[in-house]
Amino acid sequence: MSLSSSAPKFRVAICGAGIGGLVLAVTIGKFAGHDIHIDLYEAHDAISTAGAGITVSRHTSEVMQELGMYEDISRASTKPPSSNCGPKFRISNVPQGGFEWFQRTLERAPSSLHRQNLVEILKQYLPSSCKLHLNKRLTRYNKQSSGLLILHFADDSTATADVLIGADGVRSLVRKTLFETLDRDIMDPSKIGHYTNPSWTGTLLYRTVISAKKLSQMDPNNIALKDFFIFCGKRKRVVSYPISQGTLLNVVAIVTDEQKAGTPFEGRWVLDVSHEEVQELYRDFEPTVKNLLKCCENPSRWALHVVNELPLSTCDRIALIGDACHAMTPYLSAGAGQAMEDAFVLGRLLAHPLTTLDNVPAALKAYQDVRLPFAQFVARESERTGHIFDVDVPNTDRGNEQEELEIQKEKLLGQWRWEDEGGAVADWLEAARKLQESVGGGTMHYLSPKV
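This report concerns the structure included in the present document. Residue numbering note: each chain is counted from 1, following its sequence as written. Note on the predicted model: pLDDT of at least 70 is required for a residue's local features to be given, and 80 or more for side-chain atom pairs to be given and counted; whole-chain, interface and lining totals, by contrast, use all residues. Water and hydrogen atoms play no part in the side-chain values, which are based on all heavy atoms of the structure.

Notes on the sheet that holds strand β9 (residues 149-153)
Phase 1 of the analysis: We call two strands paired when DSSP finds no fewer than two bridges between them. Secondary structure elements follow DSSP: runs of H or I no shorter than four residues count as helices, runs of E no shorter than two count as strands, and numbering proceeds from the N terminus. Taken together, three strands build an open sheet; the order of strands is β8-β9-β10 and the sheet is antiparallel. Two strands bound the open sheet, and with one partner strand each, they are β8 (138-143) and β10 (158-161). Across the sheet, the axes of successive neighbouring strands diverge by a mean angle of 25 degrees, strand direction being ignored.
Phase 2 of the analysis: Here β8 pairs with β9 via five bridges, running antiparallel. Within β9, the position partnered with R140 by the bridge is H152. Angular values range over 0 to 180 degrees, each being the angle between N-to-C directions of two axes fitted as lines to C-alpha atoms, with helices fitted over their stretch in contact.

Quick word on helix α2 (residues 58-66)
Phase 1 of the analysis: A 1.4 Å probe rolled over the protein chains alone gives each residue an accessible area, and that area as a share of the maximum for its type sets the label: buried under 20%, exposed over 50%, partly exposed in between. For α2, every residue scored as buried is listed here: H59, T60, S61, E62, V63 and M64.
Phase 2 of the analysis: Taken together, the buried residues of α2 touch α1 (19-32), β3 (53-56), α3 (70-76), α4 (115-124), α11 (335-351) and α14 (424-439).
Phase 3 of the analysis: Of the residues one or two after α2, G68 is the one with positive phi, at around 75 degrees. Note on contacts: a residue pair qualifies if any of its non-hydrogen atoms lie within 4.5 Å across the two residues.

Describing the sheet that holds strand β7 (residues 130-133)
Phase 1 of the analysis: Spatially, six strands are ordered β7-β2-β1-β11-β19-β18 in an open sheet, and the strand pairing comes out mixed. Edge positions in the sheet fall to β7 and β18 (314-315), since each has one partner strand and no second.
Phase 2 of the analysis: Across six bridges, strand β1 (residues 10-15) lies against strand β2 (residues 36-41) in parallel orientation. For A13, the partnering residue across the bridge sits in β2 and is D39.
Phase 3 of the analysis: Running at roughly 130 degrees to strand β19 (residues 318-320), helix α5 (residues 173-180) makes contact with β1, β11 (163-166), β18 and β19 of the sheet.

A few points about α11
Phase 1 of the analysis: Working rule for helices: expected span equals 1.5 Å times residues minus one. Between its terminal C-alpha atoms α11 stretches 24 Å, which fits the 24 Å expected from 17 residues at 1.5 Å a residue.
Phase 2 of the analysis: Judged by how many residues are buried, α11 sits mostly within the fold: 16 of 17 residues are covered.

These figures capture arrangement, not role.
Take a look at the structure:
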């Protein structure tokens, strides 16, 4: 970390204090010290996060180790019963009782923790060079001829920044403004809406957190109490795993209607619903799942939207990370991890000694070249995984059931092979190499060809 007491070399505004925005601020602070001033803008009156559980994969652990917070994360995490046991998959749309399909065997099984616990840990690591601004919802930004960025907020206030990072989620206003203001030689105007507007997947997620004690009293031998389970059925499934040291269960019930994918969603994207609504959807599932859902409290229904694949994630001194850039389906449990990897690589590049205000676009381009293709690959693989679940889970009434199950098992296991390769540190080293080549290699073209 730099110990320089001189004026910052530039100022970074991060819009969105979710997991990605927090990791970015922590990374910049750790590796740049006070050489970069950070303004972290959050639309709400407190830093919180959507959803409840998050799985900590090898890639995510790597980021935590580099930032010096792995021990804190580890203490807050719920460990699996065995170090090499991943999620268990069951065929559960059998009212009389389902059966175990298969279990992923891993070199190191992921742990899990409550998202808010992760947020609280990240807040503790925010650097003194970071100023947090609450109740600041960005509506748009514009650029002056000098390159200075003027940020406009919903409360009619304004602020300035040298660099702007959109970590403001699937409905990102940074993304919207970026694409609406791109030079028409770069962006076909007819495609702007495709990139700025999220797309509904035809899927509804029902999220809830369940008391392990309550479930244990109702069904002491319920298998969901101890392990990570995915209960599978035709176009429906329930994901459940322990969090908060096993005192709570994070539960997500998923219902998909493929015919509605890409159509406009009518109504609020997030809505509180009754537990009866959730239970009714799974009336044809095994008793284990029915009892699990009987314990749900204050469930909410989420219309699952994604960001259509973008042709670029940076322009000049503006960049997108996380859901603002590549909001994806949850079928690989990879969305939060990809946001954290984005943030780590981008933060390291901005903090790099070679990065100055004049060549920030080169640093952002190196980030884009390394991270955007991989994150979009993961998003496509997640979508494909959901398709395998929703279309191809075998009908348990058919005679060749076992053979079909084995074929589908191999398909699904193949969907996680990317986790064994690369990682945030490898991405950062590759991006640093690209930055060094571009800064020392003459003219740099920062924008993609017309799309």
